[in-house]
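Chains, contacts and geometry: an overview
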Amino acid sequence: VFLNELPNATMPEDCKAALMLILFTGARPGEIVNMTKDNIDGDWLVLSRDERKNKKPHRSYLVPEAKALIPESGSYDISTNNYLSKKLARALTGKESGKNDIEISLPVAHFTPNDLRRTCATGLSELCFIDDLLDVYQGRQKTGVVRVYNRNRYDKERQEMAEAWAQRLENIRTETEVTDHKQT
């Protein structure tokens, strides 16, 4: 439903792009709305420990569809250098709400941008990626002895997961289009 309803949703185009980036990367909404052009390194979204809730650096592979959603350098908010203006960031994260904020409206009951992070994790699990790799993909902290001894960044696996997830999203979108077309 989300993939087909988003294009018609009542919100600015950069908010729609940010929501899709959350869905593609499994990142936290705040990480996407606060990213700057300096966070893009080739095909990777690179977040420092200071930019993350869990204070651990993280890398997300950007498939071409996700990378296309990121504006050129001239499209960033000049005052903050962020991907989205403060007003749009508040609308997406629900933090520091103030008057005259932009309303995000999707025809999906009880939707929050963080639902896309959960959808990403569930979808990757359905594609048979193990929980340990899901944690890597979404940048969750390692625990126990693994946290101390395992220094692998899993870039190959992150890329493989991102590509598989992007293909699954495309399949969902086109399956729904075919289904919708048959119903009319």
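Look up: the structure comes first, before these words.
Residues numbered from 1 in each chain as written. Predicted model: local features only at pLDDT ≥ 70, side-chain atom pairs only at ≥ 80, totals over all residues. Heavy atoms only, no water.

As a further point, take the overall build of the chain. Secondary structure assignment for the chain yields nine helices and three strands. The linear arrangement of helices and strands in the chain, starting from the amino end, is α-α-α-β-β-β-α-α-α-α-α-α. Within the chain, buried positions represent 39% of all 184 residues. Of the contacts made within the chain by residues no fewer than 6 positions apart, 60% connect residues no fewer than 24 positions apart. (Helix = DSSP H or I, 4+ residues; strand = E, 2+ residues; numbered from the N terminus. Buried < 20%, exposed > 50% of the residue type's maximum accessible area, 1.4 Å probe, protein only. Contact = heavy atoms within 4.5 Å.)

Counted by the stated rule, this structure contains ten salt bridges. A salt bridge links D135 to R140, with the nearest nitrogen and oxygen atoms 2.8 Å apart. Residue classification places D135 among the partly exposed positions, given a relative accessible area of 27%. For R140, a relative accessible area of 33% puts it in the partly exposed group. A salt bridge links R168 to E175; its shortest N-O distance comes to 4.0 Å. With relative accessibility at 46%, the residue E175 sits in the partly exposed group. (Salt bridge = Lys/Arg side-chain N within 4 Å of Asp/Glu carboxyl O.)

A few words on the packing of aromatic side chains. Tallied over the full model, the rule gives two aromatic pairs. Here the aromatic rings of F2 and F111 are separated by 5.6 Å at their centres, their planes lie at 20°, and the arrangement is stacked. Of this pair, F2 sits in helix 1 (residues 2-5) while F111 sits in the loop between helix 5 (86-93) and helix 6 (114-126), and the two are 109 residues apart along the sequence. Taking the centre distance of 5.3 Å and the plane angle of 75° together, the rings of W44 and Y61 count as edge-to-face. One end of the pair, W44, is in strand 2 (residues 44-47); the other, Y61, is in strand 3 (residues 58-61), and 17 residues separate them in sequence. Pair check on accessibility: W44 and Y61 agree, each one buried. (Phe/Tyr/Trp six-rings, centres within 6.5 Å; stacked < 30°, edge-to-face > 60°.)

Before going further, it helps to spend a moment on unusual backbone geometry. Residues other than glycine seldom take positive phi values, yet C128 does so here, at roughly 75°. Its location among the elements puts C128 in the loop between helix 6 and helix 7 (131-138).

With that out of the way, let us pick up the sheet that holds strand 1 (residues 40-41). The three strands are arranged 1-2-3 in an open sheet whose pairing can be described as antiparallel. Since the sheet does not close on itself, it has two edges, and those belong to strand 1 and strand 3, each with one partner. Here strand 1 runs beside strand 2; their pairing, made up of two bridges, is antiparallel. Bridge pairing links I40 to L45 in strand 2. (Pairing = 2+ DSSP bridges.)

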